[in-house]
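Given next are the chains, with one letter for each unit.
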Amino acid sequence: MRRTSASLVAGALVAALAWTSGPSSPANALDPTAGVADLGQDINKILSDSRLTVARAGVVVKSASTGEELYSTDAGKLMTPASNTKLFTSAAAVETLGLDHRFTTSVLASGRRAGSALAGDLVLRGTGDPTMLAEDYDALAAEVAAAGVKVVTGRLVADDTWFDGQRLGNDWSWDDETAYYAAPISALTASPDRDYDAGSVIVSVSAADGQVKVTTTPETDYLTIVNKATVGSETDVLIERQHGSRTVVITGTVADPYQEWVAVDDPAAYAASLFRAALTRHGVKVLGRTVAGAAPEGAAVLAEHRSMTLGELLVPFMKLSNNIHAEILTKAMGRKVAGQGTWSAGLKVATDFAKANGVQVINMRDGSGLSRRDGFSPGSIAQLLTAVRAKPWFKTWYDSLPVAGNADRFVGGTLRSRMRNTPAANNVHAKTGSLTGVTSLSGYVTSADGEPLVFSIMLNQYLSGSPKDIEDKIAVRLAQFSRANPVDAATAELRSAQDPSAGDLECSWLKPAQC
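First, a word on scope: everything that follows refers to the structure included in this document. (Residues numbered from 1 in each chain as written. Predicted model: local features only at pLDDT ≥ 70, side-chain atom pairs only at ≥ 80, totals over all residues. Heavy atoms only, no water.)

**Structural notes on the overall build of the chain**
Test applied: Only DSSP runs of H or I reaching four residues or more are called helices, and only runs of E reaching two or more are called strands; each is numbered from the N terminus. To sort residues, take the accessible area from a 1.4 Å probe on protein chains only and compare it with the maximum for the residue type: under 20% means buried, over 50% means exposed, and anything in between is partly exposed. When checking whether two residues touch, look at their non-hydrogen atoms; a contact exists if any pair is within 4.5 Å. Here the accessible surface of atoms and residues is derived via Shrake-Rupley with a 1.4 Å probe, and residues count as covered only by protein chains that are part of the display.
Helix and strand counts for the chain stand at 13 helices and 21 strands. For the chain, with 515 residues in total, the buried portion stands at 58%. If you take every contact in the chain between residues at least 6 apart in sequence, the share linking residues at least 24 apart comes to 70%. Accessible surface for the chain amounts to roughly 20100 Å². Of this, 50% is attributable to carbon and sulfur atoms.

**Examining the side chain of Ser 63**
If you trace the backbone, Ser 63 turns up in strand E1 (residues 56-63). Owing to a relative accessible area of 0%, Ser 63 belongs among the buried residues under this scheme. In this structure, Ser 63 is in contact with Glu 68, Leu 70, Glu 451, Pro 452, Leu 453 and Arg 483, ignoring residues within four places of it in sequence.

**Let's talk about the nonpolar core**
Defined as follows: The nonpolar core is taken to be a set of buried Ala, Val, Leu, Ile, Met, Phe, Trp, Tyr and Cys residues, with the residues joined through side-chain atoms within 4.5 Å.
With 60 residues, the main nonpolar core has Leu 87, Phe 88, Leu 310, Val 388, Trp 397 and Tyr 444 as its most contacted residues. Listing elements by their share of this core, those giving two or more residues are helix H3 (85-97), strand E13 (258-263), helix H6 (310-319), helix H7 (323-338), helix H8 (343-356), helix H9 (378-387), helix H10 (394-399) and strand E21 (452-460). For this core, the leading source of residues is H3, giving 7 residues. Residue contacts for Leu 310: discarding those within four places in its chain leaves Ala 93, Val 94, Leu 97, Gly 98, Leu 99, His 101 and Leu 329. By size, the runner-up hydrophobic cluster in this structure holds 43 residues, among which are Met 132, Val 205, Ile 239 and Ile 250.

**A word on the environment of Asn 426**
For clarity, the threshold we go by: Identification of polar contacts relies on pairs of N or O atoms within 3.5 Å, with a donor-acceptor requirement for protein atoms, meaning one able to donate a hydrogen and the other able to accept it, and with residues adjacent in sequence counted only if both atoms are side-chain atoms.
Here Asn 426 shows up in the loop between helix H11 (409-412) and strand E19 (429-435). In terms of polar contacts, Asn 426 uses its side chain to reach the side chain of Asn 406, at 2.8 Å.

**Regarding helix H2 (residues 34-47)**
Side chains three or four residues apart in an α-helix point the same way, a direct result of the helix having 3.6 residues per turn. As a reminder of what qualifies: Under the convention used throughout, the expected extent of a helix is 1.5 Å for every residue step, that is, one less than its residue count.
If you check H2, its first and last C-alpha atoms are 20 Å apart, about what 14 residues at 1.5 Å a residue would give, namely 20 Å. For H2, every residue scored as buried is listed here: Gly 35, Val 36, Asp 38, Leu 39, Gly 40, Asp 42, Ile 43, Ile 46 and Leu 47. In the core, the buried residues of H2 are packed alongside E1, strand E2 (69-73) and helix H12 (468-480).

This is the structure:
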């Protein structure tokens, strides 16, 4: 049974009331400048950390209700945001597509029915659903069988033409090509689990009877497994797909079970292989081979699957910082607004949304923040956070942000091991961001007075030692902020309280163990 201290419960209640009741006033207005000056001094002290001597640090703190700037340093400087980019992508997607948006995956018949035979092609068409599981493709196959089709004389056509053919971002690192967090983007794809890591397969190894056993989730023959691993006294194993191929090579030693998420080379072909296997299980035989192509005009719908709503998808997307969701939503925005499922069309939608909401300094190169050419200023992020409070969808979007110190994986998300047992726990709702030499944290916090604040912290180009604890110290200090009552230095809780096991990177980069 989980135990929660009275102070944390009270803090969470204050935060919830602040963000659901709209603008609020400071509890004590005797001297509204004393606490602001004290806050500035403390943040300056936190930023004097030696790890930032050669780095760049941009920080903005504003009152969410009035827009008053409470602290600022390098607010207008263009900096690398990493996954803070998802704040812009997610907000633009909700505004453009709507919280009720669902992705549809269809099976269509192209040809003439003759009893239980389809004289023509069977088409599997996707529109970008990142939540499709093997069981969903199995359900589609069952529908096809239930419709009376037993034999398809033509081909199985994988139709992912809802999006363009560009699979990887222009600026993505070539050595990320096989990593699940940089999987190819396709309108037809599959996920191995309910984190919905689209376009990837979980490869698991274990020691059994003196040999290394390999399994995949989902079970699939799409990948070719080359198992060179041996049983050893410790697990020191590398599971890696060779670039540009479907071959996964496993080397090293295995003592305890271990698993790795591996991106596939072609998500549409991978999804089609799962569907073909499901058809076989349900007694439907496709005589032709699997090919890529577009459904012809007039093809009849045999089966259909609709995804969860975008409002529901926001939770795994934002809590776990899912890069693939961000890129799929980017292309989906482009498809809806411009009729083009491309990065360029989708990024224009996101950028136009940001500018319409007062954002000035912005350079979006992708939807997730994987690109090191993405650029935002702390002031621009704070402006977005302030502007979206007036949106009718704000509460759903706000609730999708990671919550500091909350151990529930789908509440705390990438902040679940940070700021535990501090005034920021169950108070700070914020988006994390991590790349080598880059960290960011931007979001919302309720002050000790009950005043809602927005903040953006961006730290770039540090050389060693993760400065995420610096972000945490600032966030904790904001939770302690009182306009009229400076925080006593003897009682100020400026420590990070980050779980040491969390390391330098957010959970989304450390899938197997930490998330």
